[in-house]
Amino acid sequence: MTVAATTTLFDVVFSLFVIAIVILIVLTLRFVIGQAKKSKAEWSASQGVTSDGADGDDEDEEEEGMTALVLAGGSARGAVQIGMLQVLAEHGFVPDRIYGSSVGAVNGAGFSADPTREGVERMAQIWLRLKREDVYPSGRLHGPWLYFQQRDAVYANSGLRALVDEGFPFERLEEAAIPLEVVATSLLDGGERWFTYGPAVEAILASAAMPAIFPAVEIDGERYIDGGVVNNVPIQRAIDAGATRIVVLLCSTPVVAPPSSRRPVEGIVNALLIAIHARFVRDMAHLPEGVEVILCSGPDGASLEFDDFSTTEHLMALGRAEASEVVRRYGLGTIPYPAPPLPVPEIAGDGIAGDTGDATGSGPSVGRRPVPGGTVQSGEAVGSGEAAPVPVTQPDPGT
């Protein structure tokens, strides 16, 4: 009887001892793991990255909402974006991330390097002194004969490379003051390639390599051309990254009817332009709930040639007028808008179709746009109660 009781007591005590050991082991493991996580978090914070290699404030951006700036392609019409950036910088607008395609990659890189009034003014001075020969140097051949040369592109990109080198101070994309991403088109499979780190000049030249105009750019053994071919207005990239407010700087209107074709080649070009910008149409038609898109539109009309820099100053003035109205209406930035914008100056000659009109506090008439400075929210109206238009295309792709 005594032996049985002793055996039972021993079993109970041993069981409690085992349970205590297990609990102690579990608590020790939890403590060790917790300390390891804490140490890793402190190291990650000191390095500016999270445990998955992303920027240290990405989680905050996803939780609190991220503001993105998207700059579209549009060749020489990219001057209009400089005027828009001037106004945004004057009002203290600093996005969380910047996405650029083609000339939007060039302008976006400049803004990401220095998003201040002084930084944008530096970009403006570069644009204002641009001449055709600076970007598209003349050779022995002229006119249509340029397109029959036995080479992969009409022009070398040496002039554009020099301008890109001058335009911003950083050498690698990850060194930009604001995170910057630029898109290019792969000639390997026709896919969309995004550059978020690595040599900045090569990535931007690849994004701005207009087909047949500039040569393809080789990066890590793969050749790339203009990002506008696959994604000229990359709002979806911003949405996928968690952006809830997207400011888009277009180089033309969001709704464009291609001109009637008088020659077969013009019909081919019109079809190409529609195909290039069909992505923008689809993205705008399927905006997720809770995503706000604010459009800063360029002037109406498609008369400007891709290599014409003669109206740069006027385009910048149009961009300032448009962005001023958008800032006034939607309160972008940290500095309140003080007064209505000044009228847009006229230019000599025929100018650009639809460039007449002024921009006052009651709403601009820059071009003939159905909705200037519109805000697009999924399932809601644009701007001040007007029906949201279906965006079609910008008329001019490329750098």
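What you are looking at is a predicted structure, and each value in this text was computed from that prediction instead of being measured.

Draft legend 1. Region of the structure containing the overall build of the chain. Check the secondary structure of the chain and you find 12 helices and 11 strands. Each of the 399 residues in the chain was classed as buried or not, and the buried ones make up 48%. Looking at the chain as shown, the accessible area adds up to about 19,700 Å², and 58% of this sits on carbon and sulfur atoms.

Draft legend 2. Geometry of the pattern of salt bridges. One pass over the structure, following the stated rule, counts 11 salt bridges. Between Asp-189 and Arg-193 there is a salt bridge whose closest N-O contact spans 2.8 Å. A salt bridge links Arg-193 to Glu-222, with the shortest nitrogen-to-oxygen separation between them at 3.5 Å. One end of the pair, Arg-193, is in strand β4 (residues 192-195); the other, Glu-222, is in strand β6 (residues 222-226), with 29 residues separating them in the sequence. Bridged by salt links that share partners, the residues Asp-189, Arg-193 and Glu-222 form one connected network.

Draft legend 3. Main features of the packing of aromatic side chains. Evaluation of the coordinates by the stated rule reveals three aromatic pairs. Geometrically, the ring pair formed by Tyr-99 and Trp-194 is edge-to-face, given 6.1 Å between the ring centres and 85° between the ring planes. Residue Tyr-99 is located in strand β2 (residues 97-101), and its partner Trp-194 is located in strand β4; the two are separated by 95 residues in the primary sequence. Across the pair, exposure class does not vary: Tyr-99 and Trp-194 are buried alike. The interplanar angle of 80° and the centroid separation of 5.2 Å between the aromatic rings of Phe-195 and Tyr-224 together place this pair among those described as edge-to-face. With Phe-195 in strand β4 and Tyr-224 in strand β6, this pair connects stretches of sequence that are 29 residues apart. On the accessibility criterion, Phe-195 (12% relative accessible area) is buried.

Draft legend 4. Inspection of the packing of helix α5 (residues 117-128) against helix α12 (residues 312-330) at higher detail. Two elements in contact, α5 and α12, have axes separated by 9 Å at closest approach and are oriented at 145°. Note on packing geometry: the crossing formed by α5 with α12 is right-handed. Residues Ala-124, Trp-127 and Leu-128 of α5 form the contact with α12, whose own contacting residues are Thr-312, Glu-313 and Met-316. Its residues assigned to classes, the contact of α5 with α12 comprises four nonpolar, one polar and one charged.

Draft legend 5. Looking closely at helix α4 (residues 103-113). Most of α4 is tucked away: 11 of the 11 residues are buried. All of the buried residues in α4 are Val-103, Gly-104, Ala-105, Val-106, Asn-107, Gly-108, Ala-109, Gly-110, Phe-111, Ser-112 and Ala-113.

Draft legend 6. Fine view of the confidence of the model for the chain. Taken as a whole, the chain shows an average pLDDT of 75; of its residues, 62% reach a score of 70 or greater. Confidence drops under pLDDT 50 across residues 43-63; counting only partners more than four residues distant or on other chains, this segment forms 19 contacts. Here residues 377-399 scores under 50 on pLDDT; set against residues more than four positions off or in separate chains, the count is 89 contacts.

Draft legend 7. Looking closely at the pairing of strand β8 (residues 292-296). With respect to burial, β8 is a largely interior element, five of its five residues being buried. Because side chains alternate across β8, one face comprises the buried residues Glu-292, Ile-294 and Cys-296, and the other comprises Val-293 and Leu-295, equally buried.

Draft legend 8. Spatial organisation of the nonpolar core. Judged by nonpolar contacts, the single largest core of 70 residues is most densely connected at Leu-69, Leu-85, Tyr-136, Phe-170, Phe-214 and Leu-249. Ignoring anything within four residues of it in the chain, the contact list for Leu-85 reads Leu-69, Leu-71, Asn-107, Phe-111, Val-120, Met-123 and Leu-249.

Draft legend 9. Fine view of the side chain of Ser-101. Here Ser-101 shows up in strand β2. Given a relative accessible area of 0%, Ser-101 falls into the buried group. Apart from residues no more than four positions distant in its own chain, Ser-101 is found in contact with Leu-71, Ala-72, Gly-73, Val-183, Ser-207, Gly-227, Gly-228, Asn-231, Asn-232 and Pro-234.

Draft legend 10. Geometry of the packing of α4 against α5. One can describe the packing of α4 onto α5 by two numbers: an axis separation of 9 Å at closest approach and a directional angle of 140°. By the criterion of interaxial angle, the relationship of α4 to α5 is oblique. Along its contact with α4, which presents Val-103, Asn-107, Gly-110 and Phe-111, the element α5 presents Val-120, Met-123 and Trp-127.

The rules behind these values
- Residues numbered from 1 in each chain as written.
- Predicted model: local features only at pLDDT ≥ 70, side-chain atom pairs only at ≥ 80, totals over all residues.
- Heavy atoms only, no water.
- Helix = DSSP H or I, 4+ residues; strand = E, 2+ residues; numbered from the N terminus.
- Buried < 20%, exposed > 50% of the residue type's maximum accessible area, 1.4 Å probe, protein only.
- Areas by Shrake-Rupley, 256 points an atom, 1.4 Å probe, with all protein chains shown as cover.
- Salt bridge = Lys/Arg side-chain N within 4 Å of Asp/Glu carboxyl O.
- Phe/Tyr/Trp six-rings, centres within 6.5 Å; stacked < 30°, edge-to-face > 60°.
- Axes fitted to C-alpha atoms, helices over the stretch in contact; angles between N-to-C directions.
- Left-handed = near helix turned anticlockwise from the far one by under 90°.
- Contact = heavy atoms within 4.5 Å.
- Nonpolar A, V, L, I, M, F, W, Y, C, P; charged D, E, K, R; others polar.
- pLDDT = per-residue confidence, 0-100.
- Core = buried A, V, L, I, M, F, W, Y, C linked by side-chain atoms within 4.5 Å.
- Parallel < 35°, antiparallel > 145°, perpendicular 65-115°, else oblique.

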